[in-house]
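Residue-level structure breakdown
Listed here are the chains, written in short residue letters.
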Amino acid sequence: QVQLVESGGGLVQAGGSLRLSCAASGSIFSINAMGWYRQAPGNQREFVATVTSGGSTNYANSVKGRFTISRDNAKRTVYLQMNSLKPEDTAIYYCNADIKKRPWEYGNNYWGQGTQVTVSS
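Each chain carries its own residue numbering, running from 1 in the direction its sequence is written. For a predicted model such as this one, the threshold for reporting local features is a pLDDT of at least 70, and the threshold for listing and counting side-chain atom pairs is 80 or more; totals across whole chains, interfaces and linings nevertheless cover every residue. Hydrogens and waters are ignored; side-chain quantities use all the structure's heavy atoms.

This next bit is on the sheet that holds strand E8 (residues 77-82). The criterion for strand pairing is that DSSP finds at least two bridges linking the strands in question. Strands here are runs of E lasting at least two residues and helices are runs of H or I lasting at least four, both read from the DSSP assignment and numbered beginning at the N terminus. Pairing in this open sheet of 4 strands is antiparallel, and the strands run E1-E3-E8-E7 from one edge to the other. Both outer strands of the open sheet, strand E1 (2-7) and strand E7 (67-72), are each paired with one neighbouring strand and no more. The average undirected angle you get between the axes of adjacent strands in this sheet is 15 degrees. Inter-axis angles, ranging from 0 to 180 degrees, are taken between N-to-C directions of lines fitted to C-alpha atoms, where helices are fitted over the stretch in contact.

Right, dumping it as structure tokens:
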């Protein structure tokens, strides 16, 4: 069984910072891309940022320059440093990872349970 467990959400004032973490555990052979998505009330889930196993990153235009994604492969953990937060960043943030459980298998997509981020104006 594979699990992704997020932490670090909370309530912060506009202009503040938060750091999200997501740790993968279970029967894992390797982890390819890891990333973050978010879903605000009434909206569809949207892409925030991804990082490959080699460290290449990609960001949504709405967070470029404010958010930084990173990962610690030894800890199987991905982070999202969020600075200069805005009320429109309020959402449930979900961790996502492409994980191979066995070397001969293709990777499968896994999601965490989500962590709430609320930015007050």
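So, next bit.
Turning our attention to the nonpolar core. As used here, the term nonpolar core means buried Ala, Val, Leu, Ile, Met, Phe, Trp, Tyr and Cys residues forming a set that is joined through side-chain atoms within 4.5 Å. Accessible area is worked out with a 1.4 Å probe on protein chains only. A residue is then buried under 20% of its type maximum, exposed over 50%, and partly exposed in between. Trp36, Leu80, Met82, Tyr93 and Ile99 are the most contacted members of the largest nonpolar core, which has 31 residues in total. Of all the secondary structure elements, the ones that give two or more residues to this core are E1, strand E3 (18-26), strand E4 (30-39), strand E5 (46-51), E7, E8, strand E9 (91-100) and strand E11 (115-120). Of the residues forming this core, the biggest block, 5 residues, is contributed by E9. Residue contacts are counted whenever heavy atoms from the two residues lie within 4.5 Å of one another. Excluding its chain neighbours within four sequence positions, the residues that come into contact with Ile99 are Val2, Leu4, Ala24, Ile28, Ser30, Ile31, Tyr106, Gly107, Asn108 and Tyr110.

Criterion for a disulfide: a pair of cysteine sulfur atoms within 2.5 Å. On inspection of all chains with the given rule, the structure shows 1 disulfide. Between the sulfur atoms of Cys22 and its disulfide mate Cys95 the distance is 2.1 Å. Residues Cys22 and Cys95 share a disulfide whose torsion about the S-S bond is about -80 degrees; that sign makes it left-handed. With a gap of 73 residues between them, Cys22 in strand E3 and Cys95 in strand E9 connect regions that are remote in the sequence. Across this residue pair, the class does not change: Cys22 and Cys95 are buried.

Turning next to the environment of Phe29. Topologically, Phe29 is positioned in the loop between E3 and E4. A relative accessible area of 48% means that Phe29 is categorised as partly exposed. On a C-alpha basis, the gap between Phe29 and Gln1 in space is 12 Å, while along the polypeptide they are 28 residues apart. Those residues within four positions of Phe29 in sequence are excluded, and the remaining contacts are Lys100, Lys101, Arg102 and Pro103.

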